[in-house]
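# Structure assessment
The residues making up each chain are set out below.
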Amino acid sequence: QSALTQPASVSGSPGQSITISCTGTSSDVGGYNYVSWYQQHPGKAPKVMIYDVSNRPSGVSNRFSGSKSGNTASLTISGLQAEDEADYYCSSYASSSTLYVFGTGTKVTVL
Amino acid sequence: EVQLVESGGGLVKPGGSLRLSCAASGFTFSSYTMNWVRQAPGKGLEWVSSISSSSRYIYYVDSVKGRFTISRDNAKNSLYLQMNSLRAEDTAVYFCARRRDGYHWNDYWGQGTLVTVSS
């Protein structure tokens, strides 16, 4: 089971919107509505931002939203803020011996 | 407050063994599936293993099958990862993470413990 494909980096100015893609296969992203997104600041533990494709956990800003089309999921951050600068990883349940697969990770830079 | 605290990491020679622990507090440990996720230096996240609340269901990534064993002690609110036949490619920060049974996302993570496999 290969890692899900994400762009290595995405950048935007404060206040702008950015979108991070996460491409998998019909055996993971495309086959289940179990995509989650994690934010990780340097040296810190990951934090869930989106679960089950488009749901936000309590306490997560509504500037974060998720969607999916076919084998590609997306995370959109609107109204970009300096504190959003971090690494972001998607994850999906997978119908294989590898129960869960993560994305390659995207570094978000706020210009 | 939910807390997950990993311990047991360190430097080990290739072929050696190490046992990681994750001490849980602030929630009903026996009601949650627990997971180990690792991150090699400068690399992305990789799911390693999961164990259901009752230990009935256990899963591993292919690369650690036959070498790693996940277990838990609900009476001690603790999760473990016994790692044998360690390889250089097992070098990583190992995080424990909590997930509700039947759910597919981790809502709390520990801060991680570093395992370095090197001669």
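Cut-offs used in this document
Residues numbered from 1 in each chain as written. Chains lettered and ligands numbered in written order. Predicted model: local features only at pLDDT ≥ 70, side-chain atom pairs only at ≥ 80, totals over all residues. Heavy atoms only, no water. Helix = DSSP H or I, 4+ residues; strand = E, 2+ residues; numbered from the N terminus. Rg over C-alpha atoms; globule rule 2.2 N^0.38 Å. Buried < 20%, exposed > 50% of the residue type's maximum accessible area, 1.4 Å probe, protein only. Contact = heavy atoms within 4.5 Å. Lys, Arg positive; Asp, Glu negative; His and termini not counted. Charge placed at Lys NZ, Arg CZ, Asp CG, Glu CD. Areas by Shrake-Rupley, 256 points an atom, 1.4 Å probe, with all protein chains shown as cover. Polar contact = N/O pair within 3.5 Å; in protein donor to acceptor, adjacent residues only side chain to side chain. Core = buried A, V, L, I, M, F, W, Y, C linked by side-chain atoms within 4.5 Å. Pairing = 2+ DSSP bridges. Buried area = accessible area lost by both parts, 1.4 Å probe. Salt bridge = Lys/Arg side-chain N within 4 Å of Asp/Glu carboxyl O. Nonpolar A, V, L, I, M, F, W, Y, C, P; charged D, E, K, R; others polar.

### Re the overall build of chain B
Along chain B, the regular secondary structure elements total zero helices and 11 strands. Secondary structure elements of chain B, listed N to C terminal, follow the sequence β-β-β-β-β-β-β-β-β-β-β. Taken against the 2.2 N^0.38 rule, which gives 14 Å for 119 residues, the C-alpha radius of gyration of chain B at 13 Å falls within 12% of a compact globule. When its C-alpha atoms are laid out on the principal axes, chain B stretches across 40 × 25 × 25 Å. Burial analysis of chain B (119 residues in total) assigns 49% to the buried set. If you take every contact in chain B between residues at least 6 apart in sequence, the share linking residues at least 24 apart comes to 53%. Counting 13 positive and 9 negative side-chain charges, chain B places the averaged centre of each group 4 Å from the other.

### Let's talk about the overall build of chain A
Within chain A one finds zero helices and nine strands. Counted from the first residue to the last, chain A has its helices and strands arranged as β-β-β-β-β-β-β-β-β. In terms of overall dimensions, chain A is globule-like: its C-alpha atoms have a radius of gyration of 13 Å, near the 13 Å expected for 111 residues. Projected onto its principal axes, the C-alpha coordinates of chain A cover approximately 40 × 25 × 25 Å. Residues counted as buried form 46% of the 111 residues belonging to chain A. Here the analysis covers contacts within chain A between residues at least 6 apart in sequence; of these, 57% occur between residues at least 24 apart. Element-wise, carbon and sulfur atoms account for 44% of the exposed surface of chain A, whose accessible area totals about 4,700 Å². For chain A, the separation between the mean place of its 6 positive charges and that of its 6 negative charges on side chains is 4 Å.

### With respect to the environment of Glu46(B)
Here Glu46(B) shows up in strand S5 (residues 45-51). When its relative accessible area of 30% is taken as the criterion, Glu46(B) is described as partly exposed. Residues Glu46(B) and Val61(B), 15 residues apart in the sequence, show an inter-C-alpha distance of 8.8 Å. In this view, Glu46(B) contacts Phe102(A), Val37(B), Arg38(B), Val61(B) and Ser63(B); residues no more than four positions away in its chain are not counted. Within the local environment of Glu46(B), its side chain forms a polar contact with the side chain of Arg38(B), the two groups lying 2.7 Å apart.

### Description of the environment of Ser54(A)
Residue and element names in this part refer to chain A. Its place among the elements puts serine 54 in the loop between strand S4 (47-50) and strand S5 (64-69). You can call serine 54 partly exposed: its relative accessible area is 41%. In this structure, the C-alpha to C-alpha distance between serine 54 and isoleucine 77, residues 23 residues apart in sequence, is 12 Å.

### What about the nonpolar core?
General note: in soluble globular proteins, nonpolar side chains tend to be found buried as a group. Of all hydrophobic cores here, the largest spans 43 residues; its most connected members are Trp36(B), Leu79(B), Leu81(B), Met83(B), Tyr94(B) and Trp109(B). For this core, the secondary-structure elements that each account for two or more residues are strand S8 (100-102) of chain A together with strand S3 (18-25), strand S4 (32-39), S5, strand S7 (68-73), strand S8 (78-83), strand S9 (92-100) and strand S11 (113-117) of chain B. Ranked by residues supplied to this core, first place goes to S9(B) with five residues. Core analysis: the next-biggest nonpolar cluster, separate from the first, contains 24 residues, Cys22(A), Val29(A), Val35(A) and Val108(A) among them.

### Let's talk about the pairing of S4(A)
Residues and elements named next belong to chain A. Relative to S4, strand S3 (residues 35-40) runs antiparallel, the two sharing three bridges. Looking across to S4, one finds that tryptophan 37 is bridged to isoleucine 50. Between S3 and S4, which pair antiparallel in sequence order, lie six residues; one of them, glycine 43, sits at a positive phi of approximately 75°.

### Observations regarding the interface of chain A and chain B
Taken residue by residue, the interface counts 19 residues in chain A and 23 residues in chain B. Where chain A abuts chain B, roughly 1,700 Å² becomes buried across the two surfaces, and 63% of that area is made up of carbon and sulfur atoms. Taken together, the links from chain A to chain B amount to zero salt bridges. Here chain A is connected to chain B by five residue pairs in polar contact (both at pLDDT 80 or more). Listed by contribution, the elements that provide at least two residues to the side of chain A that touches chain B are S3, strand S7 (86-93) and S8 of chain A. Tallying contributions element by element places S3(A) first for the side of chain A that touches chain B, with three residues. Residues of the side of chain A that touches chain B, tallied by class, amount to 12 nonpolar, five polar and two charged.

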